[in-house]
Amino acid sequence: MQREAMEFDVVIVGGGPAGLSAAIRLKQCAAQAGREISVCLIDKAAEIGGHIVSGAVLDPRALNELLPDWAERGAPLTTPVREDRMLWLREGAHTRLPNALLPDCMHNAGNYIVSLAEFCRWLGREAEALGVEIYPGFAAADVLYDDDGAVAGVVTGDMGLLHDGTPGPAYQPGMELRAAYTLFAEGCRGHL
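Residues numbered from 1 in each chain as written. Predicted model: local features only at pLDDT ≥ 70, side-chain atom pairs only at ≥ 80, totals over all residues. Heavy atoms only, no water.

Asker: I keep staring at helix α1 (residues 17-32) and nothing clicks. Help me out?
Answerer: Every α-helix winds through 3.6 residues per turn, so residues three or four apart in the chain are directed the same way. Its 16 residues place the ends of α1 22 Å apart at the C-alpha level, agreeing with the 22 Å of an ideal helix rising 1.5 Å per residue. The inward-facing, buried residues of α1 contact β1 (5-13), β2 (39-43), α2 (61-66), α3 (116-129), β8 (133-136) and β13 (176-184). Where α1 ends, the next residue or the one after it, glycine 34, has phi of about 75°, a positive value. (Helix = DSSP H or I, 4+ residues; strand = E, 2+ residues; numbered from the N terminus. Expected span 1.5 Å × (residues − 1). Contact = heavy atoms within 4.5 Å.)

Next up, the structure:
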């Protein structure tokens, strides 16, 4: 089957924090080196942040390195963690464990309570401002390989299929997104 193809320097599969941060960092590094690179990011959700787990506690250390002026840029980190509570749950009761007994990774001072969906939408806007091409609503259906067996990109899913999987009147075959580098950031439930 003949498919349309687009060429990029980098294709990123997955519009979560990892994929979006990678896209931003790639564009930053290229700009610092005085180079222009094409970066394409696809995500299966209809909008960036549409399939991410909702709430989280975010440690801003990596964000400080990626975008040091994140607060001025309007990052949705507005609810600082004020208190940690670790509870041992039993049927019908609980016991609060003293914070002094918790490992360091369980202390959240300096962290923020965030909506990951909102955070991803914000990262998406930051990535687009740097020139990243973001295509929500396009799931990667298959991996492309070159003649030597190396990953050469991905194929997006076919559109307009009928319930039985056959092409309908609005059928469009998926596109080949070819790249020198393909980064898979589709998360633990990714299928590629």
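Asker: Would you mind showing me how to read the pairing of strand β6 (residues 93-97) here?
Answerer: Moving residue by residue along a regular strand, the side chains alternate between the two faces of the sheet. Bridge count for strand β5 (residues 86-90) against β6 is five bridges, and the pairing is antiparallel. Counted as the bridge partner of tryptophan 88 is threonine 95 from β6. (Pairing = 2+ DSSP bridges.)

Asker: Hey, could you run me through the environment of alanine 46 in this one?
Answerer: Examined against the element boundaries, alanine 46 turns out to sit in the loop between β2 and β3 (55-58). Accessibility expressed as a relative area gives 73% for alanine 46, which makes it exposed. Residues alanine 46 and asparagine 64, spaced 18 residues apart in sequence, show a C-alpha to C-alpha distance of 29 Å. The contact partners of alanine 46, leaving out residues within four places of it in the chain, are Pro136 and Gly137. (Buried < 20%, exposed > 50% of the residue type's maximum accessible area, 1.4 Å probe, protein only.)

Asker: What am I meant to see in α3 here?
Answerer: Between the first and last C-alpha of α3 there are 20 Å, a value that for 14 residues agrees with the 20 Å anticipated at 1.5 Å per step. Those residues of α3 that are buried are in contact with α1, β3, α2, β7 (112-115) and β8. Just beyond α3, the residue with positive phi is glycine 131, at close to 105°.

Asker: Please clarify how the packing of aromatic side chains should be interpreted in this entry.
Answerer: Given two aromatic rings, one states the distance between the centres and the angle between the planes to describe the pair. Applying the stated criterion across every chain yields a total of three aromatic pairs. Geometrically, the ring pair formed by phenylalanine 119 and tryptophan 122 is stacked, given 6.1 Å between the ring centres and 25° between the ring planes. Pair noted here: phenylalanine 119 and tryptophan 122 are both in helix α3, with a separation of three residues, about one helical turn. We note that phenylalanine 119, like tryptophan 122, is buried. (Phe/Tyr/Trp six-rings, centres within 6.5 Å; stacked < 30°, edge-to-face > 60°.)

Asker: Please clarify how the pattern of salt bridges should be interpreted in this entry.
Answerer: One side chain can pair with another of opposite charge once the charged atoms of both are near each other. Tallied over the entire structure, the rule returns nine salt bridges. Two residues, glutamate 36 and lysine 27, come together in a salt bridge whose shortest N-O distance is 2.9 Å. Among the residues examined, lysine 27 registers a relative accessible area of 7% and is labelled buried. One salt bridge in this structure joins glutamate 83 and arginine 85, with 3.1 Å as the shortest N-O distance. Given a relative accessible area of 59%, arginine 85 falls into the exposed group. (Salt bridge = Lys/Arg side-chain N within 4 Å of Asp/Glu carboxyl O.)

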